[in-house]
Amino acid sequence: MREGAAQRRQRQWRPILLPFLLPLFSPALSEQIRYKIPEEMPTGSVVGDLAKDLGFSVQELPMRKLRISSKKPYFSVSTESGELLVSSRLDREQICGKKSVCVLEFEAVAENPLNFYHVSVELEDINDHMPKFMHTSSELQISESAQPGTRFILEVAEDADIALNSLQNYKLSLSPSFSLVNKEKQDGSKYPELVLEKTLDREQQNYYRLVLTALDGGNPPLSGTTELRIQVTDANDNPPEFNQEVYRVRLPENVPLGTTVLQVTATDKDEGVNSEITYSFYRAGQVFGLNSKSGEITTQRTLDFEEMKEYSIVVEARDGGGLVAQCTVEINIQDENDNKPEVTVDSLLETILENAAPGTLVALIKIHDGDSGENGEVHCRLDGEVPFKIISSSKNSYKLVTDRALDREMTPEYNVTITATDRGKPPLSSSTSVTLHIGDVNDNTPLFHQASYLVYIAENNPPGSSIAQVSASDPDLGSNGQVSYSIIASDLEPKSLWSYVTVNAQSGVVFAQRAFDHEQLRSFQLTLQARDQGSPALSSNVSMRVLVGDRNDNAPRVLYPALEPDGSALFDMVPRAAEPGYLVTKVVAVDADSGHNAWLSYHVLQASDPGLFSLGLRTGEVRTARALGDKDAARQRLLVGVRDGGQPPLSATATLLLVFADSLQEVLPDLSDRPLPPDPQAELQFYLVVALALVSVLFLLAVILAIALRLRHPSSPSVWGCFQPGFCSESRPVVPPNYSEGTLPYSYNLYGVHAGKTECNFLKCSEQLSSGQGLLCPESTGALFPLCDSNEPTSHPEPLTPQLHKALRIQQSGSRTIAKLSLLAWNALAFFLKKKKKYHRGPYRKKRRA
């Protein structure tokens, strides 16, 4: 019957959305979305289209991730349609008890961006509970002497439903002796009283059976019954009487066990046993106890206002004759501040981006205090200085939002303590802490460690070498803090920039791509950029000036005196009457280097007359040191060296030809008839080369001739036997041959002619010949041959044959030719050495002649 009524009520009710919906698109929405549904809707039933009511389209539901935040999972949201669905049993009586209005409040949470929406669902009661009596039957004793109109309080039925669906009235089965009166308490609850309609006669009927029916106001109504068993007793004229029909008392919660609540008192006008009164509860309970003799009610269990706010107890007073009187004791429990607020943080963001605007929602805070009144009024706050604040959203619900700008680089996380304090006396409070992590965004540009860079590098550097390194730091995290380097501008030509320098994108090392030349490029400017990998990327620039240092890699270059087209030096004319200090000429030289490497000094390397001229060390000015003498030559030659200040120094030379004359006509005939002597160094080198070439040619001819002679008579070993030791046609002393020192069998000494002498060079034999020794064999062939000792016996005494004589003559002729060629080569070498000494000593010899 109960289930059928519930189903009928569910078919009649549909989810109703109240017309109090307010704008739902504000980030700080505080108004509630309200629905009203009947209780006991099946699981999966649609409460309402929550996504549509929030203004969400079906397409954006996956991104918004709409869900329900609640302690108990009564409802859920469909991920496909966004509808609010029933997810568990909704029993209004179990959830809200006897409350007149049963509302379930919860939050709908949407992400991207995070936001909370307050939703309330009111559960309407359906007639799903019938009235119930505690006992199926009850006993009642009534004296036969009871007067008509006497009333007896009967057992009360219980109905868990409320309003019209709750217990409405009682009915009694028909009886001429009894009737029923429905009475109402101050709280609106009804109870039945049995009224005696006429005097009872125990002798005629001593027992009555009546049916008491309790009816609710549902459609259709539900009912419950109990049987009244009335026993008629012998006369007891006066029933007990309470001094109050209803006792009301206020009792604070948490009173100690055994605390006296109140004492009920009843009197009986009878005497004896009929006046002895015994007290008892109409229905036994476990919260309070009753002294049956004194009527004192005490606590047997701790009272909790949050569990039960009011107790209604029926106390019976029964005399010895069985007459009963009843009274009602109403105990109102007073709330005390005995519950601390409970703080619950829900839907906390894992990471809060540091660029979150003030007012960005971070978390939902729920406060629950079991107390009521001021004891249940809670104030929530944040401890310490944090960039967050709490905004009241609804009753006992708060939002944690950002209060000002965040900076992850300064504070990467916050430990936020939330404290809730009620208004009780004394106030109670509780705290909870949450850790909020700040997410990084690319809000910091890379910063170079220097405002600008000045780099020095010496020229002629090896290509590919590093010349500098730039470094920039970015306090952001991950790719937002990864810095890469590049060259974005330069005062060099853009096309040739990469042929000069490059930069490593990761390390910031600047490399030279070529060897720099100070004389071509003394400095250049670069603009380097440090760029992070964020989105969008941030960058900063820095300037770098590269100064190319000078090295001494350029020798001085003489500009004056210049050479003629044929390479000869020009001459300068000096008056014969020039006084000491007269400026004759000036050697002008330049050096492409700079600084100390270009600091030139002038020196006299050679001079015809060293004391006749002076040379300025730094100016290069040639001045006369003294007046021209009669013995001084009219033509003078100066070899000037120009040296720079580098390490090592580089130099150049200049030749000055100076002629003492008073007019140009005086100089021209002398210059045409007597040309200046050539440079001795150049002639010496020429002669040495010619001499070396001549000696090499002569030696080569001699070798070729010797080989030809050898190949011409390979079958006449006896011919060459003459060159062997001990061979001779005559028995004579022989000079032991020694060929280890040269080509000839004798050693020669070379004599050179000294300067100023006319001796010729000779080749002289280093050993004296003894008498009887000769260079030739006895035969008049004239062949060059080792001497033979006539006294020494020979190993071959036999006479020479005509063939042997012919062979010896050929051999002697070849030997003489080789000897002549060798002598000619040595004489040529001696002549050139003589020429070398002559040119080295020529100026001094001319001076002695003068």
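What you see is a predicted model; the values in this text were computed from it and never measured.

1. Regarding the overall build of the protein chain
Phase 1 of the analysis: Helix and strand counts for the protein chain stand at 10 helices and 52 strands.
Phase 2 of the analysis: Of all 850 residues assigned to the protein chain, the portion counted as buried reaches 40%.
Phase 3 of the analysis: In the protein chain, once contacts between residues fewer than 6 apart in sequence are set aside, the share between residues at least 24 apart is 67%.
Phase 4 of the analysis: For the protein chain, the accessible area works out to roughly 46,600 Å², and carbon and sulfur atoms hold 53% of it.

2. Some details on the state of the cysteines
Phase 1 of the analysis: Summed over the entire model, instances satisfying the criterion amount to one disulfide.
Phase 2 of the analysis: There is a disulfide in this structure between cysteine 96 and cysteine 102, and the S-S distance comes to 1.8 Å. In this structure, the disulfide formed by cysteine 96 and cysteine 102 twists by about 60° around the S-S bond and is classed as right-handed.
Phase 3 of the analysis: Judged by relative accessible area, cysteine 96 falls into the buried class, the value being 13%.

3. Structural notes on unusual backbone geometry
Phase 1 of the analysis: That bond from serine 535 to proline 536 is cis: its omega, 0°, falls within 30 degrees of zero.
Phase 2 of the analysis: Looking at where proline 536 falls in the secondary structure, it is placed in the loop between β40 (523–532) and β41 (539–549).
Phase 3 of the analysis: With an omega of -5°, the peptide bond running from glutamine 647 to proline 648 counts as cis.
Phase 4 of the analysis: Within the secondary structure layout, proline 648 lies in the loop between β49 (635–643) and β50 (651–660).
Phase 5 of the analysis: Positive phi outside glycine occurs at lysine 65, with the angle close to 50°.

4. Some thoughts on the side chain of glutamate 253
Phase 1 of the analysis: Mapped onto the secondary structure, glutamate 253 falls in the loop between β17 (246–252) and β18 (260–263).
Phase 2 of the analysis: For glutamate 253, which is buried and forms no salt bridge, the nearest opposite charge comes from lysine 309, at a distance of 9.4 Å.
Phase 3 of the analysis: Polar side-chain contacts of glutamate 253 include one of 2.7 Å to the backbone nitrogen of phenylalanine 305.
Phase 4 of the analysis: Of note is the side chain of glutamate 253, whose polar atom sits 2.8 Å from the backbone nitrogen of glutamate 336.
Phase 5 of the analysis: When sequence neighbours within four positions are dropped, the list of residues in contact with glutamate 253 reads Leu303, Asp304, Phe305, Glu306, Ile333, Gln334, Asp335, Glu336, Asp338 and Asp371.

5. Let's talk about the pairing of strand β28 (residues 378–383)
As a general feature of sheets, a regular strand has side chains that alternate between the two faces.
Phase 1 of the analysis: Residues Val378, Cys380 and Leu382 line the buried face of β28, whereas the alternating positions His379, Arg381 and Asp383 sit on a face that is not buried.
Phase 2 of the analysis: Pairing analysis gives six bridges linking β28 to strand β31 (residues 413–422), with the strands arranged antiparallel. Bridge pairing links leucine 382 to isoleucine 418 in β31.

6. Comments concerning the nonpolar core
Phase 1 of the analysis: Grouped together as the largest cluster of nonpolar side chains are 28 residues, with contacts concentrated most on Ile467, Val501, Phe524, Leu526, Leu528 and Met544.
Phase 2 of the analysis: Breaking this core down by element, the ones donating at least two residues are β34 (452–458), β35 (466–469), β37 (483–490), β38 (501–503), β39 (509–512), β40 and β41.
Phase 3 of the analysis: In contact with methionine 544, other than residues within four places in its own chain, are Tyr453, Val455, Ala468, Val470, Val510, Phe524, Gln525, Leu526 and Leu528.

7. What to know about the environment of glutamate 519
Phase 1 of the analysis: Checked against the element boundaries, glutamate 519 lands in the loop between β39 and β40.
Phase 2 of the analysis: In sequence terms glutamate 519 and serine 594 are 75 residues apart; their C-alpha atoms lie 8.3 Å from each other.
Phase 3 of the analysis: If near-sequence neighbours (up to four positions away) are discounted, glutamate 519 is found in contact with Glu459, Asp550, Asp553, Asn554, Ala592 and Asp593.
Phase 4 of the analysis: At 3.2 Å, the side chain of glutamate 519 and the side chain of asparagine 554 are in polar contact.

8. Some remarks on a nonpolar patch on the surface
Phase 1 of the analysis: The grouping of Leu559, Tyr560, Val588 and Val590 at the surface amounts to a nonpolar patch, some 280 Å² of accessible area in total.
Phase 2 of the analysis: Looking at the nonpolar patch, the elements that each hand over two or more residues are β42 (557–560) and β45 (588–590).
Phase 3 of the analysis: The residue leucine 559 is located in strand β42 in this model.
Phase 4 of the analysis: A residue is classified by how much of its surface remains accessible, and leucine 559, at 39% relative accessible area, is partly exposed.

9. Side note on the sheet that holds β40
Phase 1 of the analysis: One open sheet holds the four strands; their spatial order is β34-β41-β40-β37, and the pairing between them is mixed. Looking along the sheet, the strands with just one partner apiece sit at the ends: β34 and β37. If you compare each strand with its neighbour and ignore which way they point, the axes differ by 30° on average.

10. Side note on the sheet that holds strand β26 (residues 351–353)
Paired through their backbone hydrogen bonds, the strands of a sheet run either parallel or antiparallel.
Phase 1 of the analysis: Here four strands make up an open sheet; going across it, the order is β26-β32-β31-β28 and the pairing mixed. Every interior strand has two partners, whereas the edge strands, β26 and β28, have only one. Pairs of neighbouring strands in the sheet enclose a mean axial angle of 35°, with direction left out of account.

11. Some remarks on the packing of aromatic side chains
What characterises a pair of aromatic rings is the spacing of the ring centres plus the angle enclosed by the ring planes.
Phase 1 of the analysis: All told, the structure shown has 11 aromatic pairs when counted by the stated rule.
Phase 2 of the analysis: Where phenylalanine 56 meets tyrosine 117, the ring centres are 6.0 Å apart and the plane angle is 80°; that geometry is what we call edge-to-face. Taken together, the residues phenylalanine 56 in the loop between α2 (50–54) and α3 (61–64) and tyrosine 117 in strand β8 (residues 115–124) connect sequence positions 61 residues apart. Tyrosine 117 matches phenylalanine 56 in its accessibility class, with the two residues each being buried.
Phase 3 of the analysis: Three or more aromatic residues joined by ring pairs form one cluster here, namely Tyr500, Phe516 and Phe524.
Phase 4 of the analysis: Note that arginine 514 overlies the ring of tyrosine 500, its terminal NZ or CZ placed 4.1 Å from the centroid.

12. Focus: the side chain of aspartate 644
Phase 1 of the analysis: Relative to the helices and strands, aspartate 644 is located in the loop between β49 and β50.
Phase 2 of the analysis: Within the local environment of aspartate 644, its side chain forms a polar contact with the side chain of asparagine 552, the two groups lying 3.2 Å apart.
Phase 3 of the analysis: Of the polar contacts made by the side chain of aspartate 644, one reaches the backbone nitrogen of glycine 646; its length is 3.3 Å.
Phase 4 of the analysis: For aspartate 644, the residues in contact, after removing those within four places along its chain, are Asn552, Asn554, Pro556, Asp591, Asn597, Trp599, Leu600, Pro649 and Leu650.

13. Some words on the environment of leucine 348
Phase 1 of the analysis: Along the chain, the position of leucine 348 falls in the loop between β25 (342–346) and β26.
Phase 2 of the analysis: Given the relative accessible area of 35%, leucine 348 is considered partly exposed.
Phase 3 of the analysis: Sequence-wise, leucine 348 and alanine 363 are 15 residues apart; in three dimensions their C-alpha atoms are separated by 4.5 Å.

14. Describing the pattern of salt bridges
Phase 1 of the analysis: Under the counting rule described, the total for this entry stands at 21 salt bridges.
Phase 2 of the analysis: The residue arginine 209 makes a salt bridge to glutamate 227 at a minimum N-O spacing of 2.8 Å. Of this pair, arginine 209 sits in strand β14 (residues 207–216) while glutamate 227 sits in strand β15 (residues 223–233), placing them 18 residues apart in sequence.
Phase 3 of the analysis: Salt bridges here are not isolated pairs; linked through shared partners, they connect Glu139, Arg209, Glu227 and Arg229.

15. Side note on the confidence of the model for the protein chain
Phase 1 of the analysis: This prediction gives the protein chain a mean pLDDT of 80; 78% of its residues lie at or above 70.
Phase 2 of the analysis: Of the regions scoring below 50 in pLDDT, residues 715–800 engages in 136 contacts with residues more than four places distant in sequence or in other chains.
Phase 3 of the analysis: Low pLDDT (under 50) marks residues 839–850, which in the prediction has 11 contacts with non-local residues, meaning those over four places away or in another chain.

Parameters at a glance
Residues numbered from 1 in each chain as written. Predicted model: local features only at pLDDT ≥ 70, side-chain atom pairs only at ≥ 80, totals over all residues. Heavy atoms only, no water. Helix = DSSP H or I, 4+ residues; strand = E, 2+ residues; numbered from the N terminus. Buried < 20%, exposed > 50% of the residue type's maximum accessible area, 1.4 Å probe, protein only. Contact = heavy atoms within 4.5 Å. Areas by Shrake-Rupley, 256 points an atom, 1.4 Å probe, with all protein chains shown as cover. Disulfide = S-S within 2.5 Å. Lys, Arg positive; Asp, Glu negative; His and termini not counted. Salt bridge = Lys/Arg side-chain N within 4 Å of Asp/Glu carboxyl O. Polar contact = N/O pair within 3.5 Å; in protein donor to acceptor, adjacent residues only side chain to side chain. Pairing = 2+ DSSP bridges. Core = buried A, V, L, I, M, F, W, Y, C linked by side-chain atoms within 4.5 Å. Patch = residues over 30% accessible without salt bridge, like charges linked within 9 Å, V, L, I, M, F, W, Y side chains within 5 Å. Axes fitted to C-alpha atoms, helices over the stretch in contact; angles between N-to-C directions. Phe/Tyr/Trp six-rings, centres within 6.5 Å; stacked < 30°, edge-to-face > 60°. Lys NZ or Arg CZ within 6 Å of the ring centre and 35° of its normal. pLDDT = per-residue confidence, 0-100.

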